Amino acid sequence: MSLNLNGVIAALPTPFNESGEIDHDKLRLNLEKWNQTDLLGYLILGSTGEFPHLTTDEKIAVIDTVRNGMSYEKVLLVGTGELSTRQTIEMTRKAHEYGADAAVVITPFYYKKVLHDEHHEAHYRRIADNSPVPVLIYMIPQFAGVTLMPETIASLAEHDNIAGLKESSGDLDSLRDIFRELKTDKFKVMLGGPSIFTEGMEAGAAGSIFAVAAIAPKACVAMDHAHHHRNFEYADDLQKRLSKLARVTAGSGVGHLKAAMDMVGMYGFMARSPLPSPSESESASIDLAIEESGFYEKDENGNWRERDDLIGPVYYD
């Protein structure tokens, strides 16, 4: 099953209202803005989407809203990882029913002291065997506390229905180890953060899945565009600026990214408890980071908006 992963995919937050319920109207409004960009697509129900805090019914409702509100040409990746293999297969099938193009499955993280690579490999193979859509492995050890061996990833890469890896550790040495083990070109590695973008792309990554793309989609696309057209100086400049913005908006959780969204004219509001909202001083740091990034300008009403001139010149060999 063909799946285009060559580009920038935004990891989308899940918006809530003052009652703590998912605000589907605000999600649609955010989608209208993201749809106007050259993002390759969206990842929903990932870490940025607060998937551990949502019920199954809420997850299905989010998939339905996004699928019906997104541009038809964009790719929809859906986080379907649950604590058991059986539940993950069920969620993956439901995601397919509601329009997912691929499933992003986090490494099992609860029984980490008794689960080893052979168990993780069996888990992913069973899911891929039973999935109606391509599967991506999702490795984010800073949250899940699990790192798969490069040999395990290379073995899974040979499966016909395992399309790639979302590698969110930010560990460049680990990423290079993975590429040294891979024996197939069909398996696509997606970078999970801008801090190693240039090095990761040179190592062999196909594209990226960034949370910061939710607030700076044009800058993320411009970085990818500049790199592919060998304008490495501009790509490196954008990488440095995006990395700083990403660090500040990551903060202590999704609440910081949502605060940044509010500042740039989108809807973020609050994360679900127990994730915190930024303090007053943290909010000031976020606003300063937005200004210093250079990706935004003030409109006639004094509100931030993303600049339209971020692609920059293109240089070829």
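Going by the structure above, here's the rest.
Structural notes, computed from the coordinates. Here the structure is a predicted model, which means the values were calculated and not measured.

## What about the overall build of the chain?
Now for step 1: Regarding its fold elements, the chain presents 12 helices and 10 strands.
Now for step 2: The C-alpha radius of gyration computed for the chain amounts to 19 Å, which stays within 12% of the reference 20 Å derived for 317 residues, consistent with globular compactness.
Now for step 3: Every one of the 317 residues in the chain was classed for burial, and the buried ones make up 54%.
Now for step 4: Considering only residue pairs separated by 6 or more positions, the chain has 72% of its internal contacts joining residues 24 or more positions apart.
Now for step 5: Accessible surface for the chain amounts to roughly 14200 Å². Of this, 48% is attributable to carbon and sulfur atoms.
Now for step 6: Here the chain contributes 30 positive and 47 negative side-chain charges, whose respective centroids are spaced 2 Å apart.

## Digging into the environment of Thr-48
Now for step 1: Tracing the chain through its elements places Thr-48 in the loop between strand E2 (41-44) and helix H2 (56-69).
Now for step 2: Taking the C-alpha atoms as reference points, Thr-48 and Val-212, 164 residues apart in sequence, are found 9.8 Å from one another.
Now for step 3: Setting aside its immediate chain neighbours within four residues, Thr-48 contacts Ala-11, Leu-12, Pro-13, Thr-14, Ala-211, Val-254 and Leu-257.

## Examining the pattern of salt bridges
Now for step 1: Across all of its chains, the model carries 13 salt bridges by this definition.
Now for step 2: Here Glu-292 makes a salt bridge to Lys-244, at a shortest N to O gap of 2.9 Å. Of this pair, Glu-292 sits in helix H12 (residues 280-293) while Lys-244 is found in helix H10 (residues 232-250), placing the two residues 48 residues apart along the sequence.
Now for step 3: Residue Glu-292 is classed as partly exposed on the basis of its relative accessible area of 48%.
Now for step 4: Asp-309 is the salt-bridge partner of Arg-307, the closest N and O atoms lying 2.8 Å from each other.
Now for step 5: Overall, the relative accessible area of 48% leaves Asp-309 in the partly exposed class.

## Thoughts on helix H1 (residues 24-34)
Now for step 1: When H1 is considered as a whole, its buried residues turn out to be Leu-27, Asn-30, Leu-31 and Trp-34. Along the axis of H1, the buried residues cluster in a sector spanning 105 degrees; they form a single face.
Now for step 2: Packing partners of the buried residues in H1 comprise E2, H2, helix H9 (217-228) and helix H11 (254-263).

## Examining the packing of aromatic side chains
Now for step 1: In this structure the tally under the stated criterion is three aromatic pairs.
Now for step 2: Ring geometry for Trp-34 and Tyr-42: centres 6.3 Å apart, planes at 50 degrees, overall tilted.
Now for step 3: In this arrangement the basic side chain of Lys-26 is found over the ring face of Tyr-267, its NZ or CZ atom lying 5.2 Å from the centre.
Now for step 4: If you follow Lys-298 out to its NZ or CZ, it ends over the ring of Trp-304, 4.5 Å from the centre.

## Topic: unusual backbone geometry
Now for step 1: A cis amide bond links Ser-273 with the next residue in sequence, Pro-274, at an omega value of 15 degrees.
Now for step 2: Checked against the element boundaries, Pro-274 lands in the loop between H11 and H12.
Now for step 3: Not every positive phi belongs to a glycine, and Arg-230 is a case in point at roughly 65 degrees.
Now for step 4: Locating Arg-230 in the fold gives a position in the loop between H9 and H10.
Now for step 5: With a relative accessible area of 42%, Arg-230 lands in the partly exposed category.
Now for step 6: Even without a glycine there, the phi angle at Phe-269 is positive, about 65 degrees.
Now for step 7: Secondary-structure assignment places Phe-269 in the loop between H11 and H12.

## Quick look at the sheet that holds E2
Now for step 1: If you walk around this closed barrel you meet the eight strands as E1-E2-E3-E4-E5-E6-E7-E8, and the pairing is parallel. Direction aside, the axes of adjacent strands within the sheet are offset by 25 degrees on average.
Now for step 2: In this structure, strand E1 (residues 8-11) lies alongside strand E8 (residues 207-210), joined through three bridges in parallel fashion. Paired with Ile-9 across the strands is Ile-209, a residue of E8.
Now for step 3: Against the sheet, H2 engages E2 and strand E3 (75-79), with an angle of about 170 degrees to E2.

## Quick notes on the packing of H10 against H12
Now for step 1: Following both chains from N to C, one finds H10 and H12 inclined at 170 degrees, their axes separated by 9 Å at the closest point. Judged by the inter-axis angle, H10 sits roughly antiparallel to H12. Between H10 and H12, the residues in contact are Arg-241, Lys-244, Leu-245, Val-248 and Thr-249 and Ser-285, Ile-286, Ala-289, Ile-290, Glu-292 and Ser-293, respectively.
Now for step 2: Residue composition of the contact of H10 with H12, by class: five nonpolar, three polar and three charged.

## Concerning a nonpolar patch on the surface
Now for step 1: Taken together, Leu-83, Tyr-110, Tyr-111 and Val-114 make up a surface patch of nonpolar side chains, about 490 Å² in accessible area.
Now for step 2: Relative to the helices and strands, Val-114 is located in the loop between strand E4 (102-106) and helix H4 (117-130).

Cut-off values and rules
- Residues numbered from 1 in each chain as written.
- Predicted model: local features only at pLDDT ≥ 70, side-chain atom pairs only at ≥ 80, totals over all residues.
- Heavy atoms only, no water.
- Helix = DSSP H or I, 4+ residues; strand = E, 2+ residues; numbered from the N terminus.
- Rg over C-alpha atoms; globule rule 2.2 N^0.38 Å.
- Buried < 20%, exposed > 50% of the residue type's maximum accessible area, 1.4 Å probe, protein only.
- Contact = heavy atoms within 4.5 Å.
- Areas by Shrake-Rupley, 256 points an atom, 1.4 Å probe, with all protein chains shown as cover.
- Lys, Arg positive; Asp, Glu negative; His and termini not counted.
- Charge placed at Lys NZ, Arg CZ, Asp CG, Glu CD.
- Salt bridge = Lys/Arg side-chain N within 4 Å of Asp/Glu carboxyl O.
- Arc of directions from axis to C-beta.
- Phe/Tyr/Trp six-rings, centres within 6.5 Å; stacked < 30°, edge-to-face > 60°.
- Lys NZ or Arg CZ within 6 Å of the ring centre and 35° of its normal.
- Pairing = 2+ DSSP bridges.
- Axes fitted to C-alpha atoms, helices over the stretch in contact; angles between N-to-C directions.
- Parallel < 35°, antiparallel > 145°, perpendicular 65-115°, else oblique.
- Nonpolar A, V, L, I, M, F, W, Y, C, P; charged D, E, K, R; others polar.
- Patch = residues over 30% accessible without salt bridge, like charges linked within 9 Å, V, L, I, M, F, W, Y side chains within 5 Å.

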